[in-house]
Amino acid sequence: MKKEQPIHTIDRRFRGFLPVVIDVETAGFNAATDALLEIAAVIIDMDEQGFLHPGATIDCHVEPFPGANLDPKALAFTGIDPHHPFRFAKPEKEALEEVFKPIRQAIKQHNCSRAILVGHNAFFDLGFLDAAVERTGIKRNPFHPFSTFDTVTLAGLAYGQTVLAKAVVAAGIDWDGNEAHSALYDTQKTAELFCAVVNRWQELTLLADAGSAAENATPARSPTG
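Residues numbered from 1 in each chain as written. Predicted model: local features only at pLDDT ≥ 70, side-chain atom pairs only at ≥ 80, totals over all residues. Heavy atoms only, no water.

(A) Highlighting the overall build of the protein chain. Helices and strands together make up the secondary structure of the protein chain, namely seven helices and five strands. Relative to its full complement of 225 residues, the protein chain shows a buried share of 44%. Summed over its atoms, the accessible surface of the protein chain is roughly 12700 Å², and 55% of this surface lies on carbon and sulfur atoms. (Helix = DSSP H or I, 4+ residues; strand = E, 2+ residues; numbered from the N terminus. Buried < 20%, exposed > 50% of the residue type's maximum accessible area, 1.4 Å probe, protein only. Areas by Shrake-Rupley, 256 points an atom, 1.4 Å probe, with all protein chains shown as cover.)

(B) A look at the packing of helix H3 (residues 92-109) against helix H4 (residues 122-136). Relative to each other, H3 and H4 sit at 120°, their axes nearing to 9 Å. Between H3 and H4, the crossing angle belongs to the class labelled oblique. As H3 packs across H4, the resulting crossing turns out to be left-handed. For the pair H3 and H4, contact is made by Glu92, Lys93, Leu96 and Phe100 and by Leu129, Ala132, Val133, Arg135 and Thr136, respectively. (Axes fitted to C-alpha atoms, helices over the stretch in contact; angles between N-to-C directions. Parallel < 35°, antiparallel > 145°, perpendicular 65-115°, else oblique. Left-handed = near helix turned anticlockwise from the far one by under 90°. Contact = heavy atoms within 4.5 Å.)

(C) Representation of the packing of aromatic side chains in the model. This model, assessed by the stated rule, comprises eight aromatic pairs. Measuring from ring centre to ring centre gives 4.9 Å for phenylalanine 124 and phenylalanine 128, while their planes differ by 45°; the resulting arrangement is tilted. Placement of both phenylalanine 124 and phenylalanine 128 in helix H4 is noted, with a separation of four residues, approximately one turn of the helix. According to the relative accessible area criterion, phenylalanine 128 is buried, its value standing at 1%. An aromatic cluster of three or more residues is present, and its members are Phe14, Phe149 and Phe194. Just above the ring of phenylalanine 14 sits the side chain of arginine 13; from NZ or CZ to the centre is 4.9 Å. (Phe/Tyr/Trp six-rings, centres within 6.5 Å; stacked < 30°, edge-to-face > 60°. Lys NZ or Arg CZ within 6 Å of the ring centre and 35° of its normal.)

(D) Spatial organisation of helix H5 (residues 151-159). Residues Thr151, Val152, Ala155 and Tyr159 constitute the buried set of H5. The buried residues of H5 occupy an angular sector of 105° when projected down its axis, which confines them to one face. The exposed residues of H5 that point more than 90 degrees off its buried face are Thr153 and Leu157. Capping of H5 at its N-terminal end is provided by aspartate 150; its side-chain oxygen lies 3.0 Å from the backbone amide nitrogen of valine 152. Of the residues one or two after H5, glycine 160 is the one with positive phi, at around 70°. (Arc of directions from axis to C-beta. Polar contact = N/O pair within 3.5 Å; in protein donor to acceptor, adjacent residues only side chain to side chain.)

(E) Broad picture of a nonpolar patch on the surface. Judged by side-chain polarity, Trp201, Leu204 and Leu207 come together as a nonpolar surface patch covering roughly 390 Å² of accessible area. The residue tryptophan 201 is located in helix H7 (residues 183-217) in this model. (Patch = residues over 30% accessible without salt bridge, like charges linked within 9 Å, V, L, I, M, F, W, Y side chains within 5 Å. Salt bridge = Lys/Arg side-chain N within 4 Å of Asp/Glu carboxyl O.)

(F) Here's a closer look at the pattern of salt bridges. Here the structure, examined in full by the defined rule, presents four salt bridges. For glutamate 92, the salt bridge identified is with arginine 135, shortest N-O distance 2.5 Å. Linking glutamate 92 in helix H3 with arginine 135 in helix H4, this pair joins segments that are 43 residues apart in sequence. Between glutamate 97 and arginine 104 there is a salt bridge, with its nearest N and O atoms 3.3 Å apart. Judged by relative accessible area, glutamate 97 falls into the partly exposed class, the value being 30%. Accessibility expressed as a relative area gives 16% for arginine 104, which makes it buried.

(G) A look at the nonpolar core. In terms of nonpolar packing, the biggest core is built from 43 residues, with Val20, Ile39, Leu52, Ile103 and Phe143 touching the most fellow members. When near neighbours in sequence (up to four residues on either side) are disregarded, isoleucine 103 contacts Leu18, Val20, Ala41, Ile43, Ala115, Pro142 and Phe143. (Core = buried A, V, L, I, M, F, W, Y, C linked by side-chain atoms within 4.5 Å.)

As structure tokens, this is what we get:
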């Protein structure tokens, strides 16, 4: 009897959670006091074979909230001028709603219950995201309040690298250091890295399943040969 092929859907793969890669650029390290300046998201898709691919990308430049701290060292590191007129930055609430809307739609489309944040040092991104949600009074935060997928841990396991640039290169993905430290670029590369790690596991799973099926299909020899 032919074994039925598994149905690969992203809600089944991640227990009802939809992975969404998030990266933020900020004016410091304190989520409660330092400004959120950029936020980008990549929604993860899955094909019929169970392999992951980066999907829709959303990004926004964000106006510093009233009274926000702007650490000069952090701004020098990111190269962001918070007051540059061509940033076309949006107030925090407007920026978050613009990012959250397609994520909520994707959650519904994939029959998931919530999004789960994927990030490189994910606690940092989740902390700034949660702080901004609290400041703006947004009621429908689509993300799980504390669970994350951290590509630092995943890349350390899969490639022996924890720095994003080195992990991306180890995974065979192109990296442009001149583009780094923008939320959009870092999010896209983190999404590619996350997919590479999960897909590597999926390949091993398929090989193991194929080997098991081949063993089961081999006729047993009779005692007389």
